Amino acid sequence: MGHYKVYYRLTLPSTFPLPSLPLFPSLKLPRFTPGHLRTHHSTNSGRLRPIMAAATSRLGNLVSATSFVAEDGGGGSNGSVNSSIEDDEALGGKYQLPPPEIKDIVDAPPLPALSFSPQKDKILFLKRRSLPPLAELARPEEKLAGMRIDGKCNTRSRMSFYIGIGIHQLLPDGTLGPEKEVHGFPDGGKINFVTWSVDGRHLAFSIRVDEEDNSTLRLWVADVETGKARPLFQSPDVYLNAIFDNYVWVDNSSLLVCTIPLSRGDPPKKPLVPSGPKIKSNETKNVVQVPTFQDLLKDEYDEDLFDYYATSQLVLVSLDGTVKEIGPPAVYTSMDPSPDQKYLLISSIHRPYSFVVPCGRFPKRVELWTTDGKFVRELCDLPLAEDIPIAFNSVRKGMRSINWRADKPSILYWAETQDDGDAKVEVSPRDIIYTQPAEPLEGEQPEILHKLDLRYGGISWCDDSLALVYESWYKTRRTRTWVISPGFKDVSPRILFDRSSEDVYSDPGSPMMRRTPSGTYVIAKIKKENDEGTYVLLNGSGATPEGNIPFLDLFDINKGSKERIWQSDKEKYFETVVALMSDHKEGDLHLDQLKLLTSKESKTENTQYYIQSWPDKKACQITNFPHPYPQLASLQKEMIRYLRKDGVQLTATLYLPPGYDPSKDGPLPCLFWSYPGEFKSKDAAGQVRGSPNEFAGIGPTSALLWLARRFAILSGPTIPIIGEGDEEANDRYVEQLVASAEAAVEEVIRRGVAYPGKIAVGGHSYGAFMTANLLAHAPHLFCCGIARSGAYNRTLTPFGFQNEDRTLWEAAGTYVEMSPFMSANKIKKPILLVHGEQDNNSGTLTMQSDRFFNALKGHGALCRLVVLPFESHGYAARESIMHVLWETDRWLQKYCVSNTSDVNAELDACINDVSKEVTDSENKVVATSGRGGPELADFESEEFHPMPRC
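Residues numbered from 1 in each chain as written. Predicted model: local features only at pLDDT ≥ 70, side-chain atom pairs only at ≥ 80, totals over all residues. Heavy atoms only, no water.

Chemist: Before we move on, could you go through the packing of aromatic side chains and cite the residues and values that matter?
Modeler: Under the definition given, this model contains 22 aromatic pairs. Arranged with centres 6.3 Å apart and planes meeting at 75 degrees, the rings of F185 and F205 form a pair that is edge-to-face. Here F185, found in the loop between β11 (180-181) and β12 (190-196), pairs with F205, found in strand β13 (residues 202-210); they are 20 residues apart in sequence, far enough to count as distant. Each member of the pair, F185 as well as F205, is classed as buried. A ring pair is formed by F672 and F782, whose centres lie 5.2 Å apart and whose planes are at 65 degrees; its orientation type is edge-to-face. (Phe/Tyr/Trp six-rings, centres within 6.5 Å; stacked < 30°, edge-to-face > 60°. Helix = DSSP H or I, 4+ residues; strand = E, 2+ residues; numbered from the N terminus. Buried < 20%, exposed > 50% of the residue type's maximum accessible area, 1.4 Å probe, protein only.)

Chemist: Before we move on, could you go through the nonpolar core and cite the residues and values that matter?
Modeler: Of all hydrophobic cores here, the largest spans 63 residues; its most connected members are F672, F782 and I831. Sort the elements by how many residues they give to this core and helix α7 (residues 733-750) lands first, with 9 residues. If we skip the residues at most four places from it in the chain, F672 touches L714, P717, I719, A741, A744, I759, A760, V761, G762, M770, L774 and F782. Counting residues in hydrophobic clusters, the runner-up holds 41 residues, among them A703, I786, V884 and V897. (Core = buried A, V, L, I, M, F, W, Y, C linked by side-chain atoms within 4.5 Å. Contact = heavy atoms within 4.5 Å.)

Chemist: Go over the sheet that holds strand β28 (residues 466-473), please, and point to the residues and values.
Modeler: Ordered in space as β27-β28-β29-β30, the 4 strands form an open sheet in which the pairing is antiparallel. Every interior strand has two partners, whereas the edge strands, β27 (455-463) and β30 (494-500), have only one. Neighbour to neighbour, the strand axes of the sheet diverge by 15 degrees on average, direction disregarded. (Pairing = 2+ DSSP bridges. Axes fitted to C-alpha atoms, helices over the stretch in contact; angles between N-to-C directions.)

Chemist: Could you give an account of the confidence of the model for the protein chain, naming the residues involved and the relevant values?
Modeler: Low pLDDT marks stretches whose predicted atomic positions should not be read closely. In this model, the protein chain carries a mean pLDDT of 87, and residues with pLDDT of at least 70 account for 85%. pLDDT under 50 marks residues 917-949. Its contacts with residues more than four places away, or in other chains, come to 115 contacts. (pLDDT = per-residue confidence, 0-100.)

Chemist: Explain the sheet that holds β11 to me, using residue names and the numbers behind them.
Modeler: Ordered by their spatial adjacency, 4 strands build an open sheet running β5-β6-β10-β11, and the pairing between neighbours is antiparallel. With one partner strand each, in any of the chains shown, β5 (113-116) and β11 form the two edges of the open sheet. Where β5 lies against strand β6 (residues 122-127), 4 bridges are found, and the strand directions are antiparallel. Looking at the pairing, L114 lines up with F125 of β6.

Chemist: Which residues make up the packing of α7 against helix α8 (residues 766-777), and what values go with them?
Modeler: One can describe the packing of α7 onto α8 by two numbers: an axis separation of 10 Å at closest approach and a directional angle of 85 degrees. Judged by the inter-axis angle, α7 sits roughly perpendicular to α8. Here α7 contributes Y733, V734, L737, V738 and A741 to the contact with α8, which in turn contributes Y766, F769, M770, N773, L774 and H777. Looking at the contact of α7 with α8 residue by residue, the classes come out as 9 nonpolar, 2 polar and no charged. (Parallel < 35°, antiparallel > 145°, perpendicular 65-115°, else oblique. Nonpolar A, V, L, I, M, F, W, Y, C, P; charged D, E, K, R; others polar.)

Chemist: Account for the environment of F853, with residues named and values stated.
Modeler: Considering the arrangement of structural elements, one finds F853 in helix α10 (residues 846-858). Sequence separation between F853 and R864 is 11 residues; the distance between their C-alpha atoms is 7.4 Å.

Shown next as structure tokens:
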């Protein structure tokens, strides 16, 4: 690894001048997922996304933060800092380790991910390592078309992986048989993209082997009965191309695989002298408004490099080793076999590319082939989509969301917008859903299945008599579910549910799906004894004023009546229905033969899984995972409720350290960690979300780690930014932000668990934005702040951010008032800024923290900026995470635990300023007309993974 640096920038108030600093050299258990289980490289993928795992190396350049000891010498206290030692370490420029009580929790071995076989008779334990070393992130990567590519193994970079696969038989009594290890692959092989064959007899997965000068990604298969694994391709020269889709089972004995073309040579070389200047032109006067996308193509060389890595040769390969190339090499993005295994739905992208939008908006061609590679017909060839409006619910023109009907052999369906994709256009219908056989008769036109006035959101199929169609509109938060009978044209569609997506109390739940013999998923129909009704199972979160109480309802789809057949315990435990386990037989399911996979947890007991069988509802525990952090097993958790001064009901989860007694121990230093949200109504904003009985999952950068340092943690206090009617929520952002924080702080002080002058505030991304604004506009509430990977100047995201879809020029006052960068002169409390040097999240460029730090320093603020080499929006490497925890603990010990400022004096000084700010904000806001709801994913297909606007 090369010689890299951890960047520090530190400034103290002008009364404590320091010389300028040089750059110093550096040396939650996932939920169950159904049978198609993959790790992936994108945080927005719909597939399983467990945390990246890698070997934890013993790093000689890690320095233990032994300076953090309590005044009485106890390591578990939140005692003061030994300043002389601490200052040397703080300015030393090396990666640091947090105190042992935090480090030990983060270093605890991760629990495995789970996957059940299609027949529900076997279960995989996919094993993971703890945090990866920084060397994993330091691998060279190409930033192309909105993606980051590891050129050595031709995958997306920074991929997570498994280190082993264990197979367990699920015995008739509900217990697990002994583990059978999948074996035969190279030692140290990194496992990705694990899938079951349709019949459950084989597993397929990729193996990455890192060598000194090269990395290879090859496809392997394993026999489930023996656990023996082998390479799928007999030739050692066939490698997987996993830039987009990678492989798919076509049937029980063959797979369609994206491979690196055998004729591919070396990567194109960047010309030493360019052929001309870089030119962007809009002489056609097109209106193109795009978010601040990152990692875009920059020139012709980038275009060639993108083609080099993204181009695949599709290969049909059988388990017996038979290989057949099908189709020409192209940039294939998805491959989807029809349920009857006769056709392939093939998507690809092609030139002309763009320098202003990522690959999800490049020209897209969708074709139909037979499974042996014969071209049938082209469904569409969509042009470059640089002009999708920024208004939420705006979409790409033309055919989109093209899929196979899950309940039919080979029938396609898709949606087409009627408003040119522009959510600001008023038209009825807004979307039309079409359907058509794979090979229609000559002259047969697509059939209109349904028309929608809101934006199409998908279909759950059952059979010719039943399908559920979803539509929604972000601006009004309206969501509707339609019942249609796709095989009976004389049956009129009808609305089943029409509600606000914000109203969690009215959520009826989602239909449970069952697996078909072809491997698709359809709505499970339930039969009751001596009853001819049509029943489905609705699995709901069960939000109530007391917290979530998940349920399972037997719902009569025709009458609308329901019977609650299962509900979570609400006194001590939090239980959920995870999946149907009795869906492997054909035909309707009988209620008295129902079998479910459920999960169960409590405040102090981690998640375990159970098989629950009807009619007696007997539950059999099938896992016995150890507690991931036994040192915090007796932590205290309470969901608290309190009122904002405008009457809005707010909630938060209050965590207290094990053994803490407020009557004996008195108030604690407190860490307030949150993330604001937008709402259209006060009632919805005040609804309770989450359960007081859920297990406290602690991630590697979680605020809950400071329970081990004897802090009170106020986790997720609701910060609703409400815009009722035609009002834009962000026009009163600062006012509502401060009011929400004031109510939360007053509540923890009232309860006697927090010192008024020892409450710190923190957040990540939009939570970092919140943190900076609170220190600027409510300095009387907090003693210091921690802001990670935030955006602080909204004029740098002029075409919308988060849930704001007005442009800077439409709402200039709001953009300026919301930007803490513009209030840097008001921030007097210590603020720690942390940012990944390679942040690729739209809006949160590393430059945001750098410029904000300079603005703070220019006004003499006490601030510190830590830039983490190789890290992106979230932090992955063990060195980085441990160092961030050290920085955070140092900040809290120095500026929260040891804070002695006069809170009452600060409050008196701030009240008038805050009141004046709110009044000024109201007077300065630019009046604007309302605009639509959330923009749909900038990547129209599932294979693309958009980044959220922040």
